[in-house]
Amino acid sequence: MLAHRVLPLTLGWVELPRSVSVEGDRSGARLCEPIPAVLVEAGDEVVLLDTGVNTALLADAALRRRFHGDPGVVVSLPGAGEPLEAAMAGTGRSLGEVTAVAVSHLHYDHAGGLRHVAGRVPVHAQAAEVAFGLGSEAEAHGIYRIDFDDPAIDWRLAEGDVEIAPGIVALATPGHTPGHQSFAVTLDPAVGGGGFLFAFDAADLTANLDGELAIGERIGCSAKETVDQIVRLKAAAAASGLRLVPGHDPEVWPALADELWGRFG
Ligand SMILES: [Zn+2]
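These remarks concern the structure in this document. Note that the coordinates shown come from a computational prediction; the quantities given were computed from them, not determined experimentally. (Residues numbered from 1 in each chain as written. Predicted model: local features only at pLDDT ≥ 70, side-chain atom pairs only at ≥ 80, totals over all residues.)

1. Here's the deal with the overall build of the protein
Scanning the protein from N- to C-terminus turns up eight helices and twelve strands. Here the C-alpha atoms of the protein give a radius of gyration of 17 Å, agreeing with the 18 Å that 2.2 N^0.38 yields for 265 residues. Each principal axis of the C-alpha atoms in the protein carries an extent, and together these give about 50 × 40 × 35 Å. Residues counted as buried form 47% of the 265 residues belonging to the protein. A sequence separation of at least 24 residues applies to 69% of the contacts in the protein between residues at least 6 apart. (Helix = DSSP H or I, 4+ residues; strand = E, 2+ residues; numbered from the N terminus. Rg over C-alpha atoms; globule rule 2.2 N^0.38 Å. Buried ≥ 20, exposed ≤ 12 C-beta atoms within 10 Å, placed from the backbone. Contact = placed C-beta atoms within 7 Å.)

Below you can see the structure in the form of structure tokens.
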């Protein structure tokens, strides 16, 4: 069976300059972008795509200075507890029922919850992402080794596109980070078919997709190369009849969450 339940989770928000999402943006605008994750159920598989922030790095004053010291980028959380646990509880599934996790990339707002699943389930990522993440340049780029440098993590490292569960395919979209991946989620005909291509940070905003505008944050590639990934994702979505979903759009994400919680919640 392909995917039969897809629930967007919002694990917090990051307020930041729009130029982080759109290369060359000089509007001076600031956006409050959702921190996304997705729960996908497919047959007996319960798969979590991305994990949100590491709350310990916000709660401890010294760690907060080190990892969240930039006054221009402000993280806020939905409540006092662990966002991932709270969001999962709302789905009717617990973290203990998750059978696999996949991370789009290792930025702090996507990989910070891996500590909740380390040693319990396979964790899918691109090999290039983990290799970069364990290197000395990572921290300056918002990739915090403390989130994922855990010998207990059962990595399943891919080199390119790979199916990670029935109806869930990771598409390698390097650029934003060296091993970024997006996820195609195909719904089973029994629940209406179709599905979604979650771009995650290969395209933060609808503006990136519609205008084919380069993303502002990238590692080791040109702005043009991030547009190439956007064009590739648009073609892949069109070819397979999937709805392409930007990763951090302040309007699209909550609207999609409302829609899918109404359908699958
Ligand atoms: Zn990112």
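2. Let's talk about the pairing of strand β8 (residues 162–165)
Relative to strand β9 (residues 168–172), β8 runs antiparallel, the two sharing three bridges. When the sheet's bridge partners are listed, V162 is paired in β9 with A170. Turn length for the β8-β9 hairpin, with the two strands adjacent in sequence and antiparallel, is two residues, and the turn residue G167 shows positive phi of about 85 degrees. (Pairing = 2+ DSSP bridges.)

3. A short note on the pairing of β9
Note that β9 and strand β10 (residues 181–186) share five bridges and pair antiparallel. Directly across from V169, in β10, lies its bridge partner A184.

4. Regarding helix α7 (residues 223–240)
Along its 18 residues, α7 runs 26 Å from first to last C-alpha, staying within 8% of the 26 Å computed at 1.5 Å per residue. By the burial criterion, the buried members of α7 are T226, Q229, I230, L233 and A237. Seen end-on, α7 carries its buried residues on one side only, within an arc spanning 100 degrees. What points out from α7, more than 90 degrees from its buried face, is the exposed set K224, V231, A235, A238 and A239. Elements in contact with the buried residues of α7: β10, β11 (195–200), α6 (206–210) and β12 (243–246). Note on α7: the residue one or two positions beyond its end, G241, has a positive phi of about 70 degrees. (Expected span 1.5 Å × (residues − 1). Arc of directions from axis to C-beta.)

5. Considering the sheet that holds β9
The strand order across the open sheet formed by five strands is β8-β9-β10-β11-β12, and the pairing between neighbours is mixed. Each having just a single partner strand, β8 and β12 make up the two edges of the open sheet. Pairs of neighbouring strands in the sheet enclose a mean axial angle of 25 degrees, with direction left out of account. Relative to β12, β11 is paired through four bridges, and the arrangement is parallel. If you follow L197 over to β12, its bridge partner there is L244. (Axes fitted to C-alpha atoms, helices over the stretch in contact; angles between N-to-C directions.)

6. Remarks on the sheet that holds strand β5 (residues 100–102)
Strand order in the open sheet formed by seven strands is β4-β1-β2-β3-β5-β6-β7, with mixed pairing between adjacent strands. Looking at strand neighbours, the two that pair on one side only are β4 (74–76) and β7 (154–158), the edges of this open sheet. With strand direction ignored, the average angle separating the axes of adjacent strands in the sheet is 25 degrees. Note: strand β6 (residues 122–126) against β7, five bridges, orientation parallel. Residue A125 lies in a different strand from β7, and its bridge partner there is L157. Packing of helix α3 (residues 83–91) onto the sheet brings it into contact with β1 (3–17) and β2 (30–42), and relative to β1 it is tilted by some 145 degrees.

7. Comments concerning the nonpolar core
Counting residues in hydrophobic clusters, the biggest one holds 71 residues, and the most contacted among them are V40, V47 and F198. By residue number, the principal contributor to this core is β2, which donates six residues. (Core = buried A, V, L, I, M, F, W, Y, C linked by C-beta atoms within 7 Å.)

8. Here's the deal with unusual backbone geometry
In this structure, F200 takes a positive phi of about 50 degrees despite not being glycine. Here F200 shows up in strand β11. Residue F200 is classed as buried on the basis of its 26 C-beta neighbours within 10 Å.

9. Here we look at the environment of V123
Its place among the elements puts V123 in strand β6. You can call V123 buried: it has 24 C-beta atoms within 10 Å. Along the primary structure V123 and V47 are separated by 76 residues, whereas in three dimensions their C-alpha atoms are 9.9 Å apart. Discounting residues that sit within four places of it in the chain, V123 has contacts with V101, V103, L114, V117, I153, D154, W155 and R156.

Scope: geometric values only; no functional claims are made or implied.
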